[in-house]
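Spelled out, the chains give:
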Amino acid sequence: MPVVLVTDVLVWLLVAAAAGYAIYCRRHAHLAGPWGRVFRSPAAMASLVVLGAYVALGLLDSLHFRPALAQKADAPSAYASEVLSVLDLGLAQLRGRGEKTYSAPLATRSYAKELIEQPDGRQLRDFPRLRFGGAQLHDEADWAADVAQRALGGLAVSVLLSFVVLLGTKILKKKRPDIPWQAAGISLGALLLLAGPAVALSSVYHVLGTDKVGQDVFYLALKSVRTSLVIGTVTTLVLLPVGIALGTMAGYFKGWIDDVIQYIYTTLNSIPGVLLIAAAVLMMQVYIDLHPETFPTAVQRADLRLLFLCVILGLTSWTGLARLLRGETLKLSQLEYIQAAHAFGVRDTRILARHILPNVSHIVIIAMVMDFSGLVLAEAVLSYVGVGVDPSTNSFGTMINAARLEMSREPVVWWALATAFTFMFALVLAANLFADAVRDGFDPRVRM
Amino acid sequence: MFAYVVRRVLYAVPILIGVNLITFALFFVVNTPDDMARMQLGARRVTPEAVEKWKAERGYDLPLVWNAAAQGTGKATRTIFFQKSVRLFVFDFGYSEDKRDIAAEIKARMWPSLALALPVFLVGLAVCISFALLMAFFRATYLDFWGVVLCVAMMSISTLFYIIGGQYVASKVWHLVPISGYAGGLDAAKFLALPVLIGVISGIGASSRWYRTLFLEEMGKDYVRTARAKGLAESVVLFRHVLKNALIPILTGVVVVIPLLFLGSLLSESFFGIPGLGSYTIDAIQAQDFAVVRSMVFIGSVLYIAGLILTDISYTLVDPRIRLE
Amino acid sequence: MSGSVLEVTDLKTHLDTARGELRAVDGVDIELRKGECFALVGESGSGKSMAALSIMRLLPETGRIAGGRVLLDGNDLMALPEAAMRAVRGRRVAMIFQEPATALNPVLTVGRQIAEVIERHTALAGDAVRKRTLELLDAVGIPDAVRRCEEYPFQLSGGLKQRVMIAAALAAEPEVLIADEPTTALDVTIQAQILDLLAKLQAERAMAILLITHDMGIVARMAQRVAVMYAGEIVEVAGRDAFFGAPQHPYAQKLFQALPSPEKRGAELSVIAGQVPPLTGTFDGCRFVERCDFAYLRCRREAPELIAIPGDRAAQRLVRCHLREQGLAPAPQGAPAAAQEQGRLLALNSAPVLAELENLGVHFPIRKGLFKRTVGQVKAVDGVSLAIRPGRTLALVGESGCGKTTAGKALLRLIPATAGRVAFAGRDLAALTRRQLREGRGAMQIIFQDPYASLDPRMRIADVLAEGMISLGIGRDAKDRMYRMAELLEQVGLPLEALSRYPHEFSGGQRQRIAIARALAVEPKLIVCDEPTSALDVSVQAQILNLLKSLQDRLGLAYLFITHNISIVEYLAHEVAVMYLGRIVERGTVEEVLGSPQHPYTEALLSAVPAVDGRRSIIRLAGELPSPANPPAGCHFHPRCPKAMPECRAAYPEAVQLGGSRSVSCVLYRASKAASSS
């Protein structure tokens with residue numbers, strides 16, 4: 001039975017909007033040109049591949065359902081209370097193989113000693129074998145060989161696929177020689193080379209270890225991707241209409257409208273961001289806690305909290321965009337083609353829609369891509385502060401938060417942090433590089 | 001000039017009132033004091049008496065904005081709005097959940113905050129400007145290219161990792177400094193060294209790249225070509241002509257945060273156990289201590305507005321075009 | 001050659017652009033002799049500025065010198081290491097730039113910016129530097145040097161800033177001064193001052209000047225020798241008198257024919273067809289071949305060399321043209337016949353007034369102090385009265401900041417008037433409701449100065465043209481409008497395919513045609529032309545002027561032509577109004593006002609325009625346009641007026657009718673009127 005979460009709807013709406021925008025861009029030279037410049041940048045193409053991989057994960061994780069329970073043929077179908085996503089299906093192996101507690105990457109034994117009952121009845125305090133990690137090994141001495149064999153097997157598949165990719169870039173290069181396909185190919189190849197062994201190993205090992213309650217860290221990281229993407233994109237969806245409307249109106253109408261809008265954003269701006277978000281999230285938490293009846297399932301509650309977080313982030317961060325748009329609109333409204341429109345008696349609303357909006361759209365695009373990485377980073381900090389996503393939601397913030405306390409253990413439990421770091425770094429770096437290319441492509445002079 | 005400053009200060013008043021109204025709405029209208037009480041006392045199974053007692057102890061047992069039962073001016077003053085929001089204007093913050101005077105707490109905690117934030121600010125500014133100048137001087141060379149790459153990479157790392165990583169390396173691996181804690185006086189140095197270093201490093205990426213853009217933008221201007229046409233060396237052009245112009249947006253841009261230095265840093269303080277306002281805020285958020293959060297919101301806004309006024313003043317000081325007009 | 005101070009041989013400069021490598025300068029030879037002023041003339045994109053920057057080795061980062069030598073007293077500047085080149089810049093070769101507003105560092109004092117040259121290139125130090133700085137400020141005619149020395153560039157007017165630039169350039173007494181369009185950003189009266197100053201300094205110091213300009217008038221005024229650049233090459237070199245007497249290269253001839261002048265009134269200006277070829281490609285033949293009236297087969301196959309004209313013994317004249325090589329001369333085209341329009345004009349003179357301004361005022365408040373109280377008014381337009389008749393052109397002339405554009409926009413109600421009356425076709429516009437005003441918008445339209453800012457870059461030409469028609473309900477449906485758009489494009493001489501394209505695909509001149517078509521789309525009776533050609537090259541300007549003229553003849557349009565270019569007025573306008581500081585000082589027919597100017601300001605303005613034939617003697621105006629926020633008491637012009645009398649200070653003189661249709665606001669004529677009426 002499909003389950004439709006609010007953020008799912010928004011995510012797929014965004015996908016539809018992006019597709020619509022892409023079609024629109026192809027038809028309009030003034031938009032196709034800048035995007036063409038973006039795609040001609042090797043850094044943009046390479047980071048686009050990485051972003052694409054993340055987005056694919058996020059989209060697979062945005063199709064939710066409740067699995068049917070095994071039933072007799074004639075009985076009415078019943079569904080589990082657990083809400084899963086398509087991604088969970090693909091990762092069923094990872095998800096199902098929980099250990100008791102921490103284990104290091106690729107380990108066969110747990111991180112913590114336990115009392116183990118020996119076959120001869122004696123009790124021994126030792127690191128117990130994991131239930132799943134390396135369970136297929138009869139003799140742990142074979143571990144190294146087994147790992148190497150599986151890794152090489154995975155690598156072989158990746159190398160094969162990489163060759164296909166290489167071939168593909170060669171063909172594409174012939175069709176569109178101006179686009180740096182090699183850069184995209186190299187970054188896709190690198191992803192494949194990492195993914196191949198990881199997939200091969202993950203069938204019998206915990207490639208990146210397990211966390212405190214024994215969940216596979218690799219699985220957690222993959223599940224966290226969606227949260228980051230939702231925060232990074234849905235927030236802008238909230239922020240854009242407010243920022244665009246108020247910014248252009250302030251710049252175009254000037255006078256008292258400008259005064260009022262400027263007052264609103266100076267006031268909002270003057271409350272330090274984290275505090276305003278914290279205050280709003282606290283209040284939201286109180287509301288959620290006291291109205292449990294509104295949220296039928298825990299997943300829906302967590303989802304709504306995620307949505308609220310996006311809304312709050314959006315409502316507190318539109319001021320920057322509005323300020324930029326106000327300035328640009330002030331400049332534009334002095335331009336001669338706007339005056340020409342006035343000379344034709346064109347109505348203000350029409351001037352705003354037909355002249356101002358298209359001519360500030362590059363700023364909106366740039367702001368959107370530039371905000372993305374900041375929002376992904378902000379999620380981690382907010383979750384740490386305790387005003388981020390619901391603790392039950394998988395996110396890099398909750399991962400870091402859970403893992404950081406273990407840095408003081410001896411030996412250090414480093415893998416969860418390292419995983420969160422790597423996944424976040426790759427995402428944010430790709431987003432930053434792509435944003436740079438977009439800014440250069442659209443307008444190198446816009447300062448942000 | 002004087003009239004200008006006065007006007008800016010007067011302009012701040014409606015903004016502060018706006019901030020006050022927003023916080024009032026957030027803390028008392030979205031959720032009533034009753035909700036807060038139930039939340040604090042453990043959600044569902046709370047007796048109405050306990051709620052009333054909780055409210056009375058904190059002075060939340062008043063009507064929100066209008067007290068019809070009170071006498072004379074009491075109708076307006078014997079309300080939550082007046083007692084809890086309007087009184088913020090005279091820095092009367094009330095008491096925290098653990099019954100301490102918030103104002104006194106803030107006074108005591110802002111110095112450790114400043115001791116951490118000020119060095120981060122000053123050293124960070126110097127480091128970032130120098131790095132940006134270096135990149136601008138060697139623009140379009142490999143040094144510049146890799147400098148920018150480094151900046152983008154550094155700004156892609158969450159502050160949390162800088163702190164956790166720095167703590168791990170400096171305190172656990174090298175045993176250079178204590179992992180956390182604080183002491184007054186000169187002893188503070190050994191506790192502050194690491195957080196300051198981390199604060200500076202975590203800011204390098206974004207700031208240096210931004211300043212580099214400003215420098216390059218200035219270097220494309222006509223007066224730079226004029227300066228070169230005079231036969232001046234590239235370093236003279238950079239230091240005498242470009243730096244002076246680019247510093248105007250840089251300095252006036254950072255002035256706004258100077259008052260906010262008192263607020264300290266949320267993350268560093270909490271990780272390093274520095275008893276400043278940042279860790280105070282985080283503790284309050286985690287303990288859901290609404291009175292403290294409300295006070296910090298207000299203080300933060302006051303400081304930000306002070307920063308705005310300082311920005312305007314600093315413009316008039318550094319930019320002759322504004323100073324002399 | 002003896003006596004040459006700077007010798008440029010085969011200079012090649014390439015620029016990296018998105019479209020590939022652009023050969024901005026492609027084999028240029030210049031010989032600059034000691035103490036002479038050598039003008040390098042060309043239209044935009046000809047490579048003249050790049051050539052100048054290459055000599056200084058100050059190219060933008062996308063540019064590089066691809067070849068050639070620049071000998072300064074025998075030393076090749078191109079071969080010098082950068083450090084040695086820096087010792088040359090400012091010391092032996094100095095340069096001044098077009099835009100004094102941006103060429104000075106805004107946060108350093110004027111004195112500092114001059115002193116740093118002295119410190120860099122001379123042994124002077126301390127007080128001696130300051131003394132020298134003050135001397136230089138004196139030398140370039142900056143009054144009150146001691147005070148000015150401590151001021152920042154923004155406190156100085158444009159003319160003073162350019163003087164400061166010149167002072168800094170002279171500080172180390174260079175042998176060569178390269179002046180890149182030094183007066184283009186300045187008003188004519190200020191331009192005259194700066195040109196005088198340059199000529200004086202050149203004579204005093206025996207300094208050679210390489211003058212880069214697009215203005216033939218300035219060349220005639222300043223240069224001893226001239227080189228014309230076209231598409232990265234020099235096409236003609238000659239002494240000034242010989243050049244102006246009979247230009248030899250077909251391009252140079254065309255440039256002169258495209259200049260508007262009173263003699264060409266009523267006739268079409270000669271235009272240069274087509275556009276400058278892109279410099280990213282290579283050329284087999286002559287670069288001008290596509291636009292040349294005399295081109296023949298050889299011109300396409302073989303690139304001409306720059307050679308001396310056979311028979312010119314002194315070898316003073318060089319031309320890059322196959323015709324010349326063979327000793328043939330392209331016959332200069334005969335002057336086009338003047339049109340017979342006198343009769344029709346007389347009839348129109350009595351036509352009812354179409355638009356009328358009566359005592360129009362546009363005042364902007366100056367707010368100051370704690371509560372932004374209004375403490376004064378900038379009287380941008382202060383009591384202007386004008387009448388425009390159908391089918392006629394009224395030129396509104398004045399320097400920048402005099403309020404002419406504001407007056408034009410107030411006529412269209414793009415800026416609200418604060419005083420006076422605007423009537424159109426007998427109806428008072430102020431009395432109209434918003435709705436009526438909107439509906440009446442179509443009758444008055446405007447064409448702007450900057451062809452790049454006047455079209456929305458995000459709209460296809462079809463949408464640009466349709467906007468006004470849709471807004472004003474012209475055309476029954478889309479098909480009808482489409483039909484009309486096709487007609488409009490034909491009228492302005494653009495192909496039908498233009499409709500589906502975007503503005504960036506068109507050149508400046510084409511965009512201005514589109515802007516004209518857009519205005520015509522709503523069937524206006526009056527068009528305000530706000531400096532429509534000042535951003536265009538001479539050859540393109542001629543096309544636009546021809547178009548405007550033919551449209552007027554065909555459609556009976558009235559123009560309010562706002563300009564500072566007197567020669568356009570002489571060519572195109574029927575009546576003239578001269579504005580100074582928000583007021584009209586003299587108006588009348590073109591013949592009256594330009595033929596025998598009566599107001600001292602009109603006289604000075606006309607005389608300051610550098611003319612190709614050098615026919616006018618120059619009346620030098622002291623000082624600059626005062627601020628309209630604080631105009632001088634009495635006659636606004638009296639502080640600069642060569643004929644000022646004590647009574648000028650007392651009150652602003654009334655406008656006086658001086659026979660015919662001329663009126664003048666000057667004390668001189670009040671006296672004469674009083675005399676004649678008594």
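Residues numbered from 1 in each chain as written. Chains lettered and ligands numbered in written order. Predicted model: local features only at pLDDT ≥ 70, side-chain atom pairs only at ≥ 80, totals over all residues. Heavy atoms only, no water.

Before going further, it helps to spend a moment on the interface of chain B and chain C. Contacts between the two partners involve 26 residues from chain B, matched on the other side by 32 residues from chain C. With both sides pooled, the region where chain B packs onto chain C buries about 2,500 Å², and carbon together with sulfur makes up 60% of that total. Sorting the residues of chain B by area buried against chain C places R7, R225 and K230 of chain B first, and these three jointly supply 23% of that buried surface. On inspection of chain B and its partner chain C, the count reaches three salt bridges. Of the charged contacts in the structure, one is a salt bridge between R139 of chain B and E61 of chain C, with a shortest N-O distance of 2.6 Å. Linking chain B to chain C there are 13 residue pairs in polar contact (both at pLDDT 80 or more). (Contact = heavy atoms within 4.5 Å. Buried area = accessible area lost by both parts, 1.4 Å probe. Salt bridge = Lys/Arg side-chain N within 4 Å of Asp/Glu carboxyl O. Polar contact = N/O pair within 3.5 Å; in protein donor to acceptor, adjacent residues only side chain to side chain.)

Another aspect to go through is the domain arrangement of chain A. Residue and element names in this part refer to chain A. Parsing chain A into structural domains produces domain 1 (100-202) and domain 2 (217-447). Taking only C-alpha atoms, the centre of domain 1 and the centre of domain 2 are 35 Å apart. Facing seven residues of domain 1, the contacting portion of domain 2 comprises eight residues. In total, domain 1 and domain 2 occlude about 660 Å² of area from one another, counting both sides; carbon and sulfur atoms represent 71% of this. (Domains from an automatic or database assignment.)

So, on to the side chain of Q162 of chain C. Residue and element names in this part refer to chain C. Note that Q162 resides in helix 7 (residues 158-170). With relative accessibility at 0%, the residue Q162 sits in the buried group. A polar side-chain atom of Q162 sits 2.7 Å from the main-chain carbonyl oxygen of P182. Discounting chain neighbours no more than four positions away, the residues touching Q162 are F97, Q98, P100, P182, L186 and I194. (Helix = DSSP H or I, 4+ residues; strand = E, 2+ residues; numbered from the N terminus. Buried < 20%, exposed > 50% of the residue type's maximum accessible area, 1.4 Å probe, protein only.)

For the rest of this paragraph, the subject is the environment of E135 of chain C. Residues and elements named next belong to chain C. Position of E135 among the secondary structure elements: in helix 5 (residues 127-139). Classification of E135 by relative accessible area gives partly exposed; the value is 39%. Sequence separation between E135 and A167 is 32 residues; the distance between their C-alpha atoms is 9.3 Å.

Before going further, it helps to spend a moment on the interface of chain B and chain A. In this assembly, 48 residues from chain B lie in contact with 50 residues from chain A. The largest share of the area that chain B buries against chain A comes from S156, F161 and I285 of chain B, three residues that together contribute 13% of it. Between the two partners, chain B and chain A, sit one salt bridge. Among the salt bridges present, the one from R209 of chain B reaches D436 of chain A, with a minimum N-O distance of 2.5 Å.

Moving on, we come to the nonpolar core. Nonpolar side chains in soluble globular proteins tend to be buried together. Core analysis: the largest hydrophobic core is formed by 352 residues, its most contacted members being Y211 and F215 of chain B together with I114 and I178 of chain C. No other element matches helix 13 (residues 348-385) of chain A, which puts 20 residues into this core. Setting aside anything within four residues of it in sequence, one finds I114 of chain C in contact with T133, L136, L137, V164, A167, A168 and A171 of chain C. Residues V384, A407, L412 and A558 of chain C belong to the second largest nonpolar core, which totals 36 residues. (Core = buried A, V, L, I, M, F, W, Y, C linked by side-chain atoms within 4.5 Å.)

The next point concerns the sheet that holds strand 3 (residues 84-85) of chain A. Residue and element names in this part refer to chain A. Read across the sheet, three strands follow the order 1-2-3 without closing on themselves; strand pairing throughout is antiparallel. Only two strands of the sheet have a single neighbouring strand rather than two, namely strand 1 (2-3) and strand 3. Where strand 2 (residues 64-65) and strand 3 come together, two bridges link them in antiparallel fashion. Paired with H64 across the two strands is S85, which belongs to strand 3. (Pairing = 2+ DSSP bridges.)

Attention shifts here to a nonpolar patch on the surface. All names here are of chain A. A grouping of L152, L155, V159, F163, L166 and L193 is seen on the molecular surface, where their side chains present a nonpolar patch of about 530 Å² in accessible area. The element contributing the most residues to the nonpolar patch is helix 6 (residues 143-175), with five residues. Within the secondary structure layout, L155 lies in helix 6. (Patch = residues over 30% accessible without salt bridge, like charges linked within 9 Å, V, L, I, M, F, W, Y side chains within 5 Å. Areas by Shrake-Rupley, 256 points an atom, 1.4 Å probe, with all protein chains shown as cover.)

Moving on, we come to the pairing of strand 18 (residues 444-447) of chain C. All names here are of chain C. Every second residue of strand 18 is oriented toward a common face, with M444 and I446 on one face and Q445 and I447 on the other, all of them buried. Note: strand 18 against strand 19 (residues 526-530), four bridges, orientation parallel. Each bridged residue has a counterpart across the sheet, and for I447 the counterpart in strand 19 is C529.

Look at helix 7 (residues 142-155) of chain B: 20 Å from first C-alpha to last across 14 residues, which is about the 20 Å you get at 1.5 Å a residue. Looking only at helix 7 of chain B, the buried set comprises D144, G147, V148, C151, V152, M154 and M155 of chain B. Seen along its axis, helix 7 of chain B keeps its buried residues to an arc of 165°; they face one direction. Those residues of helix 7 of chain B that are exposed and aimed more than 90 degrees away from the buried face are Y142 and W146 of chain B. Buried residues along helix 7 of chain B sit in contact with helix 13 and helix 15 (415-442) of chain A together with helix 6 (102-137), helix 8 (159-173) and helix 9 (188-219) of chain B. (Expected span 1.5 Å × (residues − 1). Arc of directions from axis to C-beta.)

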